[in-house]
Amino acid sequence: MTATRTPRATPAAPAPAVKDAPDARDGLLRRLRPATVPVAVLLVLALLPYSALDIPVLLDGPVNSPGSLQLFALCLVFGALALGYDLMFGRTGLLSFGHALYIAGGSYGTQLAMTELGLGLLPAALLTLVLGALAALVLGAVSLRTLALGSVGFAMVTLAFAQAGSIYVERNPGGLTGGEEGLPLYVDGVPDALVGVQNTVNVYWLALAYLVLVAGVVWTVTARPAGRVWQAIRDNEQRVAVLGRSPFAHKLGAFVLASSLAVLGGVLHLLVTAGATPHTSTPEFTLTLLVMVVLGGSGTRWGPIVGGVLFTYLDQRLGGWDLGVEPMLILGSLFVLAVYLAPGGITALGRRRNA
């Protein structure tokens, strides 16, 4: 018999190398990276009331002392106010001199709603917010119509509204505003947890929550299509109109949103300072916010917050240091120096170094 020859099996061709799929963890890290800085900052701010660290010269007492926490709370409120103001100025290109009108409205409106209407803090604040938003809608529509005369016309009209509000507060009609003395906080309408030196930490938490709210609103809205339209209006309004968008409607939306955040800021300012002060109604108060925004960097993510916190801290602390010079002179000189060395704001220094 002839043996059957078994065919020799040929070795299988090696499978083509398969490229490694993108690492899912790397993708997750890339998505989470933008949130690392805000989360880290929030964590540090949340831990401050638990720190007994004593920092001589910079603070009068430990970090968690009532005086230090009140200073921190005031810095957080102004950081949020500056960020809200930058929604108009840096993001949309609207220079308003009347932003203080809404801050004072939030402060005095909440106070009067508690004393005259007998409302608690929360209902009074909500009522003031609604009325403030409606006032912003009306006054904003009137002010924006003057943009046909140029940006100067808008600035002057908002200044006129703010000046009228300031005069009304100083004249103290019917004893409602307290005139030059202002109004002390009506503690009977405020929860006990927010009254007294021993509860300063709770006011600090509230100020931190306000900053988180404003940052969340501003950063979210500016990342959406509406925010990109605002930026386009700031750069070239005519092009936006040619593309079929309504510059007036978008600018009015930015104005109302920024003013509503300012009304809430007025409520927080009332609680942190334990009173409504006439200074919050003056155009100079708005100029202070403008300085904060320019100092930190207008139109940036962190610039207004940094400028607001730094300016407020120096404004409060320079008077306590025996420097032999007028504090405002030092503050003004530092501002000029900062603008000269960092034309784009303090936060621009980091971007310039990374470039």
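Think of each chain on its own: its residues are numbered from 1, step by step along the sequence as written. Reporting in this predicted model follows two pLDDT cut-offs: at least 70 for local features of residues, and 80 or more for side-chain atom pairs to be given and counted; totals over whole chains, interfaces and linings ignore these cut-offs and use all residues. In computing side-chain properties, one takes all heavy atoms of the structure into account and sets aside hydrogens as well as water.

**Observations concerning the overall build of the chain**
Rules: Helix and strand assignments come from DSSP, with helices taken as H or I runs of at least 4 residues and strands as E runs of at least 2, each series counted from the N terminus. Burial classes: relative accessible area under 20% of the type maximum marks a residue as buried, over 50% as exposed, and values in between as partly exposed (1.4 Å probe, protein chains only). Should any heavy atoms of two residues lie within 4.5 Å, those residues are counted as being in contact. The Shrake-Rupley method, run with a 1.4 Å probe, gives the accessible areas here. Residue values count only the displayed protein chains as cover.
Regarding its fold elements, the chain presents 13 helices and two strands. Per-residue burial for the chain yields a buried fraction of 42% across its 355 residues. Long-range contacts, defined as pairs at least 24 residues apart, comprise 72% of the intrachain contacts of the chain with a sequence gap of at least 6. For the chain, the accessible surface area stands at approximately 19,100 Å², while carbon and sulfur atoms represent 66% of it.

**Considerations on the environment of Leu185**
Inspection of the secondary structure assignment puts Leu185 in the loop between strand S1 (183-184) and helix H6 (200-223). Sequence separation between Leu185 and Leu271 is 86 residues, and the spatial gap between their C-alpha atoms is 7.2 Å. If sequence neighbours within four positions are ignored, Leu185 has contacts with Gln111, Met114, Val190, Leu270, Leu271, Ala274 and Gly275.

**Focus on a nonpolar patch on the surface**
Worth spelling out the cut-off: Grouping into patches uses exposed residues only, defined as over 30% relative accessible area, and leaves out salt-bridged ones; the cut-off is 9 Å for like charges and 5 Å for nonpolar side chains (Val, Leu, Ile, Met, Phe, Trp, Tyr). We count a salt bridge whenever a side-chain nitrogen from Lys or Arg sits within 4 Å of a carboxyl oxygen from Asp or Glu.
Together, Leu117, Leu127, Val130, Leu131, Leu134, Leu137, Val138 and Val142 line one region of the surface with nonpolar side chains, adding up to about 700 Å² of accessible area. Locating Val142 in the fold gives a position in helix H4 (residues 121-145). Given the relative accessible area of 42%, Val142 is considered partly exposed.

**Focus: the UniProt feature "transmembrane region" (unreviewed entry) in the chain**
Stated formally: UniProt positions are given in the numbering used here, feature names are shortened, and annotations may be inferred rather than shown by experiment.
Residues annotated in UniProt with the feature "transmembrane region" (unreviewed entry) correspond here to residues 35-53, 68-87, 94-114, 120-140, 147-169, 203-221, 252-272 and 328-349. Between the end C-alpha atoms of residues 68-87 there is a gap of 29 Å, over a span that is 100% helix and 0% strand.

**Some words on unusual backbone geometry**
One non-glycine residue, Val57, adopts positive backbone phi at about 75 degrees. Relative to the elements of secondary structure, Val57 occurs in the loop between helix H1 (24-47) and helix H2 (66-92). For Val57, a relative accessible area of 58% translates into the label exposed. Residues other than glycine seldom take positive phi values, yet Ala274 does so here, at roughly 60 degrees. In this fold, Ala274 is placed in the loop between helix H9 (247-273) and strand S2 (275-276).

**Quick notes on the pattern of salt bridges**
Under the criterion given, the structure shown has three salt bridges. A salt bridge links Arg317 to Asp60; the nearest nitrogen and oxygen atoms lie 3.0 Å apart. Residue Arg317 is located in helix H11 (residues 303-317), and its partner Asp60 is located in the loop between H1 and H2; the two are separated by 257 residues in the primary sequence.

**Re the packing of H2 against H6**
Quick note on the threshold: For every element, the axis is a line fit to its C-alpha atoms; helices are fit only across the contacting stretch, and the angle between N-to-C directions ranges from 0 to 180 degrees. Should an angle fall under 35 degrees it is called roughly parallel, over 145 degrees roughly antiparallel, and 65 to 115 degrees roughly perpendicular, with every other angle called oblique. Left-handed describes a crossing whose near helix is turned anticlockwise from the far helix through less than a right angle; right-handed describes the clockwise counterpart. Amino acids are sorted into nonpolar (Ala, Val, Leu, Ile, Met, Phe, Trp, Tyr, Cys and Pro), charged (Asp, Glu, Lys and Arg) and polar (every other residue, Gly among them).
Two elements in contact, H2 and H6, have axes whose closest approach is 8 Å; the angle formed by their N-to-C orientations is 20 degrees. The pairing of H2 with H6 is recorded here as roughly parallel in orientation. For the element pair H2 and H6, the recorded crossing hand is left-handed. Classifying every residue of the contact of H2 with H6 gives 21 nonpolar, five polar and one charged.

**Section: H2**
As a reminder of what qualifies: Take the number of residues in a helix, subtract one, and multiply by 1.5 Å to get its expected span. Bending is quantified residue by residue as the angle between axes fitted to the seven-residue window ending at that residue and the seven-residue window starting at it.
Compared with an ideal rise of 1.5 Å per residue, which puts 27 residues at 39 Å, H2 spans 38 Å between its outermost C-alpha atoms and is within 8% of the ideal. At Asp86, H2 shows its largest kink, close to 45 degrees. When you tally the buried positions in H2, you get 23 out of 27 residues, the bulk of the element.

**A word on the packing of aromatic side chains**
Rules: Ring pairs are drawn from Phe, Tyr and Trp, using the six-membered ring of Trp, whenever the two centres fall within 6.5 Å, and their geometry is named by plane angle: stacked under 30 degrees, edge-to-face over 60, tilted for the rest. Put simply, a charge is over a ring when the Lys NZ or the Arg CZ is close to the ring centre, within 6 Å, and near the line of the ring normal, within 35 degrees.
Tallying each qualifying case throughout the model produces seven aromatic pairs. Between Tyr204 and Trp205, the ring centres sit 5.8 Å apart and the planes meet at 65 degrees, which makes this aromatic pair edge-to-face. For Trp205, a relative accessible area of 28% corresponds to the partly exposed category. Linked through ring pairs, Tyr50, Tyr204 and Trp205 together constitute an aromatic cluster. Above the plane of the ring of Trp219 lies Arg301, whose end atom (NZ or CZ) is 4.0 Å from the centre.

**Brief notes about helix H10 (residues 283-296)**
Over its 14 residues, H10 runs 20 Å from end to end, which matches the ideal 20 Å to within 8%, given 1.5 Å per residue. Restricting attention to buried positions, one finds in H10 the residues Pro283, Phe285, Thr286, Leu289, Leu290, Met292, Val293, Leu295 and Gly296. Two residues or fewer after H10 comes Gly297, characterised by a positive phi angle close to 130 degrees.

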